[in-house]
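Chain residues, written in single-letter form:
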Amino acid sequence: MPDVQVSFNPTANPQFTFSSNSVPMQAAGTVVLTRAPGSTWTFTGATFSDSQFTPNVPPGGATVNIVDAHTSMGSFCYTVTVLSGGTSYTSPDPVIVNEPPTPLPTPKPRPPK
């Protein structure tokens, strides 16, 4: 399950930084967005334009779990919303890239006995 660290600073440019702006997925699974160490803001949600993604913010808002059903291929933008100092901020759109599964290599034939 891919883990993406998110940093946020309301006075910085850019306000949001992601340890990976593009997350490749080759099968169904969960992408976990994690708040950078020492951060005091909280995640409040994530938004997708495609229904194959289901975000969940556990209590405390330190992470966002994004379940990817991997039902279609392509690049899918999303936004993350955080709460800092009583103000809500929404990120620009990083992407999750659903790719076909990597085929297993064909085993070499065994030599005749």
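Everything discussed here concerns the structure shown above.
Keep in mind the model is a prediction, meaning the values are calculated, not measured.

Undergrad: If you had to explain the sheet that holds strand 6 (residues 53-56) to someone new, which residues and values would you point to?
TA: Taken in spatial order, the five strands of this open sheet run 2-1-4-7-6, and their pairing is mixed. The open sheet has two edge strands, strand 2 (16-18) and strand 6, and neither has a second partner. The mean angle between the axes of side-by-side strands here comes to 20°, regardless of whether they run parallel or antiparallel. As paired elements, strand 6 and strand 7 (residues 63-68) share four bridges and run antiparallel to each other. Bridge assignment links Thr-54 to a residue of strand 7, and that residue is Val-67.

Undergrad: Explain the pairing of strand 1 (residues 3-8) to me, using residue names and the numbers behind them.
TA: Of the two faces of strand 1, the one holding Val-4, Val-6 and Phe-8 is buried and the one holding Asp-3, Gln-5 and Ser-7 is not buried anywhere. Note: strand 1 against strand 4 (residues 29-35), four bridges, orientation parallel. Its bridge partner lying in strand 4, Gln-5 is registered against Thr-34.

What counts and what doesn't
Residues numbered from 1 in each chain as written. Predicted model: local features only at pLDDT ≥ 70, side-chain atom pairs only at ≥ 80, totals over all residues. Heavy atoms only, no water. Pairing = 2+ DSSP bridges. Helix = DSSP H or I, 4+ residues; strand = E, 2+ residues; numbered from the N terminus. Axes fitted to C-alpha atoms, helices over the stretch in contact; angles between N-to-C directions. Buried < 20%, exposed > 50% of the residue type's maximum accessible area, 1.4 Å probe, protein only.

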